[in-house]
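Notes for the structure review
The chain contents come next:
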2 protein chains.
Amino acid sequence: MSALLHQIPGPVDTSHSPFARLHTLPFESVTLASGLLADWQKTNLHASLEHGFRMLEQAGNLHNFRVAAGRETGEYRGRNFLDSDVYKWLEAVAYGLRSEPNAALQAMADQAIELIMAAQQPDGYLNTYYQIAEPHKRWADLDHGHELYCAGHLFQAAVVFHRLLGDDRLLTVATRFADHIASIFGPDRRHGACGHPEVEMSLVELYRVTGEQRYLELARFFIDQRGQGRMRGLGWYGPEYHQDRVPVRQATEIEGHAVRAMYLMAGVSDLYLETGEKALLDALERLWQDMTRHKLHLTGGVGARYEGESFGDPYELPNDQCYCETCAAIGSMMWNWRMLLATGEGRFADVLEQTLYNGFLSGIALDGTHFFYINPLLSRGKYQRAEWYEVACCPPNVMRTIGALGHYLATSTAEGIQLHLYSAAALTVERRAGQSVRLRLETDYPWTGTVRVVVEASDGADWTLALRIPAWSRGATVAINGAAVAAPVSQGYAQVRRAWRAGDVVELDLQMVPRFVEAHPKVEPTRCSLAIQRGPVVYCLEQTDQEAGVDILAVQVDERAPLESQWEPGLLGGVVTVMAAGYALDLTPWEGHLYRSLGDRDTLPRRPVRLKAIPYYAWGNRGPTAMRVWIPRAGSA
Amino acid sequence: MSALLHQIPGPVDTSHSPFARLHTLPFESVTLASGLLADWQKTNLHASLEHGFRMLEQAGNLHNFRVAAGRETGEYRGRNFLDSDVYKWLEAVAYGLRSEPNAALQAMADQAIELIMAAQQPDGYLNTYYQIAEPHKRWADLDHGHELYCAGHLFQAAVVFHRLLGDDRLLTVATRFADHIASIFGPDRRHGACGHPEVEMSLVELYRVTGEQRYLELARFFIDQRGQGRMRGLGWYGPEYHQDRVPVRQATEIEGHAVRAMYLMAGVSDLYLETGEKALLDALERLWQDMTRHKLHLTGGVGARYEGESFGDPYELPNDQCYCETCAAIGSMMWNWRMLLATGEGRFADVLEQTLYNGFLSGIALDGTHFFYINPLLSRGKYQRAEWYEVACCPPNVMRTIGALGHYLATSTAEGIQLHLYSAAALTVERRAGQSVRLRLETDYPWTGTVRVVVEASDGADWTLALRIPAWSRGATVAINGAAVAAPVSQGYAQVRRAWRAGDVVELDLQMVPRFVEAHPKVEPTRCSLAIQRGPVVYCLEQTDQEAGVDILAVQVDERAPLESQWEPGLLGGVVTVMAAGYALDLTPWEGHLYRSLGDRDTLPRRPVRLKAIPYYAWGNRGPTAMRVWIPRAGSA
């Protein structure tokens, strides 16, 4: 690996952001070696990406580009934001191609890129929906037209092709389009912002790549344009649907369409990382507090409502009809990652990790070619995965996120290296020019809670290795070269400073044991119920795994009995399952009744059973069956 | 009162329906004298109906008719089904005018009727949306166009104007339109049905009024057309949204848009009442069982989901985000009424009454001029009533239902008279030509459970007085002239047969005491919770009524302490309130947490408080405050 390659930045690059507390590492600094996350990357590379191309062909996304480019005739196909799926898929392909050359994938990407280049209008405009279907309505419907949203995904794909592959074809398209946009929108030009945020963070990335201040200014302009109450909502919603009720700096509630909210927060965070404007960070902190204290599902999923795909009221967290869109989970990861970079505080990594292993990973099937758009915490048996969706924002979004997973593992500062997520991996960090620190991470995380960090090379200087201690961990220990050390924990990280030498071994034990979790008493559908979590992994009962005659929708769990973990290599790609003691309820006394006067009822008959729990992310891979995360407690009525 | 007037049928007339087990009484057979239902009729007459006319003017409904009639120029205003609101309002006015002459209301009605007549096309077609906005798209979008739905409401209004007021202006319009429809749709003509049922039951009513068999056949045709899977759904829904997934006779699940489902069921019931086709009654029974065992809120509300305004899965009954549209409650009342007429079984009257006093009556404010479209069982404080809605199906639907409330009180058969609902009222039934039975009902129901039926005149013959014993009643007693009698209860009715004489007094005591109700263990958001019900009235906690410092969203109720009722004449128009013992929870240990590991938590501190419950229907009349029907039990976690 050459020094040059090490300097290639990843998807979000804060290596030069003046207000980043932590600096992202070059893309190839981290290589996932084995284990759960590495396996997902393999599936992505060998199944998802090619599947994605087939689907983009089948759903009409590429057809639309061909028509716009004059290569085909025909109508525009699908909803007005289909271009964005192609861009997200391309971004995912870039990570894949950087990790492992693949001629077939390269050819597919070339085909798409060439079509994109050919479809761009002479003035720089590019949106196949408006070019084909409503040529006279460019920028006429900012609220629902998705033009800037699609542009944003183009910019992000272009940035990644430039950074990772040195391929500037998309970047040329992107900057031409960005300049066209800048000629139309601005303080002295047309006012307004896109109903669906995305362009904000992408313009900051474009600024990071090109150094062009005007892209940063345009990002700021679009963020400042929000909150005037001008946008038309949807259904029962007003401007809050689009986060347009109040300006970001005054906002106190995370509200409206969850994906839009998360993407806006990511964009605002990016703006803060470059400008350091305190009012932005204060607003981000307020909204993060509102989300994590009142509006976050245990799985990290956000968006309580189908209606408007939106956040609900505080503590409105249904299990069955929550939306928890996969894209919203991704948006939350993007936001939390940027908050972590801005502050260095582990609580953001906690939410990122909780989301990653649960509400995000549930969005893709083990085969890599089926997806969940919505990620409920309770299914009564009908819900199942699809190979694509009419609104297919999620599948390519999953692909690009998995492709860049290594990005989230570690960062660096002048003081040292921070480890945020744990996976078997190789890390190379050039703390000083030409002198690499090389670390090897050995772990079966999240199946075990022990992580060995082997120093393979260091630079001779003192520096701090910061190891994240997740909020769920109780009694975590750190040992260096076999001897326990008292590593002070600050802001969620155990800090170990020394002049590291090749051969040093740090052993972290996070004490991973399964545990019961309960929710705030104001949350209704979790009342008298418990969830099982083990490390960052949330568990669920799936009907398939239970003893004959057990209906998981009529069971209780006994919280006094110990939970038992077991590694099952042959199950669901290899998972740790958890066994719990519980009861199967006999609902015969309720037959024919939905409601009864209290006096009518005797204690419900029940018999002891063993309940088998699997990781939530792995559900829905064996056909449609019932599933539940929250289980009523044995003592409950 | 002349004998002629007594023979004027009410809104649904089964006096000649061959398969009706019970026969509806003429409209003026029942006069509500005083009490809750009578008060609502007064509010309707003196506030709601004129408010409705103002709103129809303001929202553009009448403007649309003026434009269609060539009296004004301009665009069509509002959604494509606005005509139906005018028809429903007219139907409501007809009941009002029959009860009490009112020159101002008559003038408003005349204005609307005259516009409707003028707007009808020469070929009989009438729909202002298609006439103004999309003249070339008549019948082009049966799924979402609402043309037959609007027609149905026209027919129903026309039938009522004809029956109650002898005013045939609308009936002429209606039959011309119906004949036009019959010239287009039919087994040998165009196939299809309206996405929103309504025309089915209205065509049966048109048949009842005119005796024209072809209207009954057309109703059957539209019902038979359903279930081919041809209709385009909405959002995440397919044809089940429109009850088009399976033919009615094969259906096993009540599903899709709740108002549409209820209206279809009412139409199918009407078809059964006239044809006696057993497969229809079997299907109705199956779907009723599915609804009442799995998909009915305690308030009688139906429609668990905002998404598609639809039924959910079995036991999916959220408190906060349920839809429980007022129109769906009305639809359920219409369906249950027809099932009662078809079978004579009290279980249908039970559901009708539960819906009437709760999920229906909550739809209108005490002032008669503000409404709920959606009727949740839990509000965290933001939800409030509006004077009208962009989709204003509910307000005029409430008005027509309240106008015809007397209709639901009693029926007759060859054996006697059946009392279904209880209110202070005067009843006159001509069991034999020229010989009236007159009954006076004295009661403060639903505030008390005692009902006195005073026989003021009888016809000398033996006949059975059947008194409904609601399912909630325990130990109901019947006395005649002061002496207890053992009245056998059959299908929910206590039967007392004798040769009734003037002066006979029957006293029914339903033993109305407040009680706790619990829900099926598979319902999630009611787990470990209880509701309070007293007679048919469901109670709720509204924040306004509680002691200082009590947050109703953080309380528990103690089911071991007695509930105490109190009549409060000055509160909310006069209601019985219920006091319960409970606890206010101290949530300090949860501050800053949404989830916690089980071991983290000590028992939640709490202090004893008194909780005051008001009838659910009366909530939301004192500004936006929190409200809940289901209250966690004191013993719950």
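Note that this is a predicted model, so its numbers are computed, not measured. (Residues numbered from 1 in each chain as written. Chains lettered and ligands numbered in written order. Predicted model: local features only at pLDDT ≥ 70, side-chain atom pairs only at ≥ 80, totals over all residues. Heavy atoms only, no water.)

Here we take up the overall build of chain A. Scanning chain A from N- to C-terminus turns up 15 helices and 24 strands. The C-alpha radius of gyration computed for chain A amounts to 25 Å, which stays within 12% of the reference 26 Å derived for 637 residues, consistent with globular compactness. In chain A, buried positions account for 67% of the 637 residues. For chain A, restricting intrachain contacts to residue pairs at least 6 apart in sequence, the fraction spanning at least 24 positions comes to 69%. For chain A, the accessible area works out to roughly 20,400 Å², and carbon and sulfur atoms hold 50% of it. Charged side chains in chain A number 60 positive and 74 negative. The centres of these two groups are separated by 3 Å. (Helix = DSSP H or I, 4+ residues; strand = E, 2+ residues; numbered from the N terminus. Rg over C-alpha atoms; globule rule 2.2 N^0.38 Å. Buried < 20%, exposed > 50% of the residue type's maximum accessible area, 1.4 Å probe, protein only. Contact = heavy atoms within 4.5 Å. Areas by Shrake-Rupley, 256 points an atom, 1.4 Å probe, with all protein chains shown as cover. Lys, Arg positive; Asp, Glu negative; His and termini not counted. Charge placed at Lys NZ, Arg CZ, Asp CG, Glu CD.)

Each of the two chain copies goes to the other by way of a rotation about an axis and a shift along it. For these two chains of identical sequence, chain A goes onto chain B by a turn of 180 degrees and a shift of 0.0 Å along the axis, with RMSD 0.0 Å. The superposition of one copy onto the other is thereby described by a two-fold rotation axis. No C-alpha of chain A lies nearer the rotation axis than that of Pro 525 of chain A, which sits 2.1 Å from it. The residues that chain A uses at the interface reappear at the interface of chain B in 100% of cases, marking a shared surface. (Least-squares fit on C-alpha atoms with pLDDT ≥ 70 in both.)

Glancing now at the interface of chain A and chain B. In this complex, chain A contributes 65 residues to the contact, which on the side of chain B involves 65 residues. Approximately 5,400 Å² of surface area, both sides summed, lies buried where chain A meets chain B, with 57% of it carried by carbon and sulfur atoms. The tally of links from chain A across to chain B stands at nine salt bridges. Inspection of the chain A/chain B interface yields 29 residue pairs in polar contact (both at pLDDT 80 or more). With five residues, the top contributor of residues to the side of chain A that touches chain B is strand β15 (residues 514–519) of chain A. A breakdown of the residues in the side of chain A that touches chain B according to their chemical character gives 31 nonpolar, 11 polar and 23 charged. Here strand β21 (residues 595–597) of chain A runs beside strand β15 (residues 514–519) of chain B; their pairing, made up of three bridges, is antiparallel. The residue of β15 of chain B that forms the bridge with Ser 597 of chain A is Val 517 of chain B. (Buried area = accessible area lost by both parts, 1.4 Å probe. Salt bridge = Lys/Arg side-chain N within 4 Å of Asp/Glu carboxyl O. Polar contact = N/O pair within 3.5 Å; in protein donor to acceptor, adjacent residues only side chain to side chain. Nonpolar A, V, L, I, M, F, W, Y, C, P; charged D, E, K, R; others polar. Pairing = 2+ DSSP bridges.)

All right, on to the sheet that holds strand β5 (residues 416–419) of chain A then. Residues and elements named next belong to chain A. Pairing in this open sheet of six strands is mixed, and the strands run β1-β4-β5-β9-β13-β12 from one edge to the other. Looking along the sheet, the strands with just one partner apiece sit at the ends: β1 (23–24) and β12 (489–490). In the sheet, β1 pairs with strand β4 (residues 410–412) via two bridges, with the strands oriented antiparallel. Bridged to Thr 24 within β4 is Thr 411. On the sheet, helix α14 (residues 346–360) packs against β9 (462–468) and β13 (493–499) and is oriented at approximately 45 degrees with respect to β9. (Axes fitted to C-alpha atoms, helices over the stretch in contact; angles between N-to-C directions.)

Residue and element names in this part refer to chain A. Of the pairings in the sheet, the one linking β9 to β13 comprises seven bridges and is antiparallel in character. For Arg 468, the partnering residue across the bridge sits in β13 and is Tyr 493. Where β12 meets β13, two bridges bridge the pair, whose relative direction is antiparallel. Each bridged residue has a counterpart across the sheet, and for Val 489 the counterpart in β13 is Ala 494. With antiparallel pairing between neighbouring strands as the criterion, β12 and β13 make up a hairpin whose turn holds two residues, including Gln 491 at a positive phi of roughly 50 degrees.

For the rest of this paragraph, the subject is the state of the cysteines. Here is the idea: a disulfide is a covalent bond, and it sits between the sulfur atoms of two cysteines. On inspection of all chains with the given rule, the structure shows one disulfide over all chains. Here Cys 528 of chain A engages in a disulfide with Cys 528 of chain B; their sulfurs sit 2.2 Å apart. Here Cys 528 of chain B lies in the loop between β15 and β16 (529–534) and Cys 528 of chain A lies in the loop between β15 and β16 (529–534), a pairing that spans two chains. For the pair Cys 528 of chain A and Cys 528 of chain B, a shared accessibility class is recorded, and that class is buried. With no disulfide of its own, Cys 327 of chain A lies closest to Cys 394 of chain A among cysteine sulfurs, the gap being 3.5 Å. (Disulfide = S-S within 2.5 Å.)

What follows covers helix α13 (residues 326–343) of chain A. Residue and element names in this part refer to chain A. Taking 1.5 Å of rise per residue, 18 residues should cover 26 Å, and α13 covers 26 Å from first to last C-alpha, within 8% of that figure. Within α13, 18 of the 18 residues are buried, leaving the element largely enclosed by the surrounding structure. Phi turns positive one or two residues past the end of α13, at Gly 344, with a value near 75 degrees. (Expected span 1.5 Å × (residues − 1).)

Moving on: the pattern of salt bridges. All chains considered together, the criterion is met by 107 salt bridges over all chains. Between Asp 179 of chain A and Arg 214 of chain A there is a salt bridge, with the nearest N and O atoms lying 2.9 Å from each other. One end of the pair, Asp 179 of chain A, is in helix α8 (residues 169–184); the other, Arg 214 of chain A, is in helix α10 (residues 213–225), and 35 residues separate them in sequence. Judged by its relative accessible area of 37%, Arg 214 of chain A falls in the partly exposed class. A salt bridge links Glu 134 of chain B to Lys 137 of chain B, with the shortest nitrogen-to-oxygen separation between them at 3.4 Å. You can call Lys 137 of chain B partly exposed: its relative accessible area is 44%. Through salt bridges that share partners, Asp 320, Arg 380 and Lys 382 of chain A together with Glu 253, Arg 305, Asp 313 and Glu 316 of chain B make up one connected network.

One pass over the structure, following the stated rule, counts 64 aromatic pairs over all chains. Between Phe 19 of chain B and Tyr 272 of chain B, the ring centres sit 6.3 Å apart and the planes meet at 50 degrees, which makes this aromatic pair tilted. Highlighted residues: Phe 19 of chain B in the loop between α1 (3–6) and β1 (23–24) and Tyr 272 of chain B in helix α11 (residues 258–275), separated in sequence by 253 residues. Classification of Phe 19 of chain B by relative accessible area gives partly exposed; the value is 35%. A ring pair is formed by Trp 139 of chain B and Phe 177 of chain B, whose centres lie 6.4 Å apart and whose planes are at 35 degrees; its orientation type is tilted. With Trp 139 of chain B in the loop between α6 (128–132) and α7 (147–165) and Phe 177 of chain B in helix α8 (residues 169–184), this pair connects stretches of sequence that are 38 residues apart. Both residues of the pair, Trp 139 of chain B and Phe 177 of chain B, belong to the buried class. Within the aromatic cluster, the residues linked to one another by ring pairs are Tyr 125, Trp 139, Phe 155, Phe 177, Phe 185, Phe 221 and Phe 222 of chain A. A cation over a ring is seen here: Arg 138 of chain A above Tyr 125 of chain A, with NZ or CZ 3.9 Å from the ring centre. The ring of Tyr 583 of chain A is capped by Arg 606 of chain A, whose NZ or CZ atom sits 3.8 Å from the centre of that ring. (Phe/Tyr/Trp six-rings, centres within 6.5 Å; stacked < 30°, edge-to-face > 60°. Lys NZ or Arg CZ within 6 Å of the ring centre and 35° of its normal.)

Residues and elements named next belong to chain B. Pairing geometry for strand β7 (residues 435–443) and strand β8 (residues 450–457), over six bridges, is antiparallel. Note that in β8 the partner of Thr 443 across the bridge is Val 451. Between β7 and β8, which pair antiparallel one after the other, the connecting turn spans six residues. As paired strands, β8 and strand β14 (residues 505–509) are joined by five bridges and run antiparallel to one another. Counterpart to Val 453 in the pairing with β14 is Val 506.

The next point concerns the confidence of the model for chain A. Segments scoring low in pLDDT should not have their predicted coordinates read at a detailed level. Residues and elements named next belong to chain A. Overall, the predicted model of chain A reaches an average pLDDT of 96, with 98% of residues at or above 70. The low-confidence segment residues 1–6 (pLDDT under 50) makes 10 contacts with residues lying over four places distant or belonging to another chain. With pTM at 0.96, the complex prediction returns an ipTM value of 0.95. (pLDDT = per-residue confidence, 0-100.)

Further remarks concern the nonpolar core. The tendency in soluble globular proteins is for nonpolar side chains to be buried side by side. One finds Trp 89, Leu 90 and Phe 155 of chain A to be the most contacted residues of the largest nonpolar core, which totals 232 residues. Beyond its immediate sequence surroundings of up to four residues, Leu 90 of chain A is in contact with Ala 109, Ala 112, Ile 113, Ile 116, Ala 157, Phe 161 and Leu 170 of chain A. Val 204, Leu 216, Leu 405 and Met 627 of chain B belong to the second-largest nonpolar core, a separate cluster that totals 230 residues. (Core = buried A, V, L, I, M, F, W, Y, C linked by side-chain atoms within 4.5 Å.)

We now examine the sheet that holds strand β13 (residues 493–499) of chain B. Residue and element names in this part refer to chain B. One open sheet holds the six strands; their spatial order is β1-β4-β5-β9-β13-β12, and the pairing between them is mixed. For this open sheet the edge positions go to β1 and β12 (489–490), each flanked by a neighbour on one side alone. Strands β9 (462–468) and β13 of the sheet are contacted by helix α14 (residues 346–360), whose axis makes an angle of about 45 degrees with β9.

Residue and element names in this part refer to chain B. Orientation of α8 relative to helix α10 (residues 213–225), taken along the N-to-C sense of each, is 55 degrees, at an axis distance of 11 Å. Accordingly, the angle class assigned to the pair α8 and α10 is oblique. Crossing hand, α8 versus α10: left-handed. The residues of α10 that touch α8, namely those facing Thr 175, Ala 178, Asp 179, Ile 181 and Ala 182, are Arg 214, Tyr 215, Leu 218 and Phe 222. (Parallel < 35°, antiparallel > 145°, perpendicular 65-115°, else oblique. Left-handed = near helix turned anticlockwise from the far one by under 90°.)

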